[in-house]
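Each chain, letter by letter, is given below.
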Amino acid sequence: MDTEDQEPTLGAHETVMLAAFEGWNDAGSAASSALDHLATWWDAREHAALDPEDYHDFQVSRPTITRGPTGERVVSWPGTVLSTARPEGGPKIVLARGIEPSMRWRSFCAEVLDHAEDLGVTTIVTVGALLVDVPHTRPLPTFVTSEDDDAREEFGLERSDYEGPTGIVGVLGHEAQLRGIRVLSVWVGVPHYIAHPPSPKASAALLTQIERLIGVSIDLGELPDEAEAWQRGADELAEDDEEIAEHVRQLESVMDETSLPEASGDAIAAEFERFLRRRDGGTAK
């Protein structure tokens, strides 16, 4: 393929942080699961762990107890871990994977970004998932936006017009921009009627977008098979519930009539705004 025909990608000379957090920004655990997949397949190595005492209410995000290899009880605390990886032929990657903090968001973002600067991060890609009115039988919509003028021109992106409540990825992205770090935001829509995790089809859609951005092939492993099983389960749910089945048919009709592409930024951004307003008891426009 001629160079001029290739899609632009984040260069191999860059250091790119991918950030996802469980909670408000992570419908169906699609975003956090996508980063877990990358950490496994890229054999990411832990760089730093933020002290959860500083940022979490343990009555909201409780620690868990498990048994170790020799039967000893192990307490695992909720928190955020930064790890590094270097996929062959691609940029150096920093993965910021954790749980949305309960408090001190500005301090949290400052600590994450301090580590990012120490590691030479030039671009941050925040990764999220939201519940939308889309059918599980069609490709799940994804979109990529940026507030950075150069990034929008280079990658052919739009600026998000959303105004309203935000999650930790929104705050992290804003604070990163203030430091002069380029920020891109990647989201996927998860069917609202099957919101419970996991959402392997949504995770696979996010990984496809990340693959395009960094220009490195990502092995999806078992995700395609898991996505097929997820879709069969959703099919069975619709078969057992006529109300859901009718809703799916309506969503399919709307999507087919409008020929909504997989990466329709305007449509999904508008739905994102309506969703957030509904979630916080506001009035959707």
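Please refer to the structure placed before this passage.
Described below are features of the structure shown in this document. These figures come from a predicted structure and were not determined experimentally. (Residues numbered from 1 in each chain as written. Predicted model: local features only at pLDDT ≥ 70, side-chain atom pairs only at ≥ 80, totals over all residues. Heavy atoms only, no water.)

### Here's the deal with the overall build of the protein
A count of helical and extended segments in the protein gives 8 helices and 9 strands. Taking all contacts inside the protein whose residues are at least 6 apart in sequence as the whole, residues at least 24 apart take part in 78%. When the accessible area of the protein is evaluated, it comes to approximately 14400 Å², of which 46% is carbon and sulfur surface. (Helix = DSSP H or I, 4+ residues; strand = E, 2+ residues; numbered from the N terminus. Contact = heavy atoms within 4.5 Å. Areas by Shrake-Rupley, 256 points an atom, 1.4 Å probe, with all protein chains shown as cover.)

### Examining the nonpolar core
Counting 66 residues, the largest nonpolar core has M17, L18 and V125 as its most contacted members. Top contributing element to this core by residue count: helix α5 (residues 200–214), with 7 residues. Apart from the residues lying within four places of it in its own chain, the contact partners of V125 are L10, V16, M17, L18, A19, L184, V186 and L213. Membership of the second largest hydrophobic core comes to 9 residues, among which are Y193, A234, A245 and L251. (Core = buried A, V, L, I, M, F, W, Y, C linked by side-chain atoms within 4.5 Å. Buried < 20%, exposed > 50% of the residue type's maximum accessible area, 1.4 Å probe, protein only.)

### Details of the layout of surface pockets
When its volume is computed, the largest pocket comes out at roughly 570 Å³. Looking at the largest pocket, it is lined by 26 residues, and the ones nearest its centre are E147, S160, T166, G170 and S185. Contributing elements (two or more residues each) for the lining of the largest pocket: β8 (142–146), α4 (168–178), β9 (182–191) and α8 (265–279). Sorting elements by how many residues they give to the lining of the largest pocket places α4 first, with 7 residues. (1 Å grid on protein atoms, 1.4 Å probe; cavity = no way out; pocket = protein on both sides within 12 Å on 5 of 7 lines; lining within 4 Å. Points joined across faces, edges and corners; volume = space filled by probe spheres on them.)

### Topic: a nonpolar patch on the surface
On the surface, a cluster of nonpolar side chains totalling about 310 Å² of accessible area is made up of I65, V75 and W77. Mapped onto the fold, W77 is located in the loop between β4 (73–76) and β5 (81–85). With relative accessibility at 48%, the residue W77 sits in the partly exposed group. (Patch = residues over 30% accessible without salt bridge, like charges linked within 9 Å, V, L, I, M, F, W, Y side chains within 5 Å. Salt bridge = Lys/Arg side-chain N within 4 Å of Asp/Glu carboxyl O.)

### Description of the packing of helix α6 (residues 223–240) against helix α7 (residues 242–258)
As a packed pair, α6 and α7 sit with axes 5 Å apart at the nearest point and diverge in direction by 115°. Within the contact between the two elements, α6 uses L237, A238 and D240 and α7 uses E242, I244 and A245. Classifying every residue of the contact of α6 with α7 gives 4 nonpolar, no polar and 2 charged. (Axes fitted to C-alpha atoms, helices over the stretch in contact; angles between N-to-C directions. Nonpolar A, V, L, I, M, F, W, Y, C, P; charged D, E, K, R; others polar.)

### Quick word on the side chain of T15
Along the chain, T15 turns up in strand β1 (residues 15–22). If sequence neighbours within four positions are ignored, T15 has contacts with K92, V94, L119, G120, V121, T122 and T123.

### Considerations on a negative patch on the surface
Among the surface-exposed residues, E222, D225, E226 and E228 lie close enough to one another that they form a single negatively charged patch. With respect to the secondary-structure elements, E228 resides in helix α6. (Lys, Arg positive; Asp, Glu negative; His and termini not counted. Charge placed at Lys NZ, Arg CZ, Asp CG, Glu CD.)

### Quick look at the sheet that holds strand β7 (residues 123–132)
Read across the open sheet, the 7 strands follow the order β2-β5-β6-β1-β7-β9-β8; overall the sheet is mixed. Each edge of the open sheet is held by one strand with a lone partner, namely β2 (45–49) and β8. Between one strand axis and the next, the sheet turns through 25° on average, direction left out of account. Two strands pair when backbone bridges link them, and β5 and strand β6 (residues 92–99) are joined in this way by 5 bridges, in the antiparallel orientation. Across the sheet, the residue bridging to A85 is I93, located in β6. In the packing of α4 onto the sheet, the strands contacted are β1, β7 and β9, and the crossing angle to β1 comes to about 150°. (Pairing = 2+ DSSP bridges.)

### Considerations on the pattern of salt bridges
Within the structure shown, the criterion is met by 13 salt bridges. For E246, the salt bridge identified is with R249, shortest N-O distance 2.9 Å. Taken together, the positions of E246 and R249, both in helix α7 and 3 residues apart, correspond to about one turn of that helix. By relative accessible area, R249 is classed as partly exposed at 40%. Here the salt bridges share partners, and the residues they tie into one network are E147, D149, R152 and R159.

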